[in-house]
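Commentary on secondary and tertiary structure
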Amino acid sequence: MGVYSIEPLKGLDHIQTAYVKKDNPIEVVLKEDCKEYDFSTATAIRVKIGTIVIDSDTEPTAFDRSESQLGRLKIFIGDQTIEAKAYNVKVEVDDADGHTLYFGHVRVKIEDTGM
């Protein structure tokens, strides 16, 4: 096993903004040893935003894994009740061998448009 990390799709200096009750995703790239990590065989994905945990076992539509071979993951928070502020969004993946891999966190700003 290598060193696992996560970064925003648009690069390390980019802080994403996601909106409460909207369908814009948080987009990240999962990496192993600085290379895109193929998580297409993952059995589960969990994301923690503050005290909210989103689990692919119970909320599969919250995740778009269509580009998992490239390490890309989209996380949809529209169905969650999340307070508007900045968070460290933490991601872990259960691989096909039963290991839980922690990828660290990425900074995301959650905003509420009031609409």
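Residues numbered from 1 in each chain as written. Predicted model: local features only at pLDDT ≥ 70, side-chain atom pairs only at ≥ 80, totals over all residues. Heavy atoms only, no water.

Burial of strand 8 (residues 72-76) is one-sided: the residues Leu73 and Ile75 facing one way are buried, the residues Arg72, Lys74 and Phe76 facing the other way are not. Both strand 3 (residues 25-32) and strand 8 contribute to a ladder of five bridges, which runs antiparallel. Residue Ile26 lies in a different strand from strand 8, and its bridge partner there is Ile75. In this sheet, strand 8 lies alongside strand 7 (residues 63-64) in antiparallel orientation, the contact comprising two bridges. Along strand 8, the bridge assignment pairs Asp64 with Lys74. (Buried < 20%, exposed > 50% of the residue type's maximum accessible area, 1.4 Å probe, protein only. Helix = DSSP H or I, 4+ residues; strand = E, 2+ residues; numbered from the N terminus. Pairing = 2+ DSSP bridges.)

With that out of the way, let us pick up the environment of Tyr19. By the element assignment, Tyr19 lies in strand 2 (residues 16-19). Looking at Tyr19, the relative accessible area reads 28%, which means it is partly exposed. Filtering out sequence-adjacent residues up to four positions away, Tyr19 remains in contact with Asn24, Ile77, Glu111 and Thr113. (Contact = heavy atoms within 4.5 Å.)

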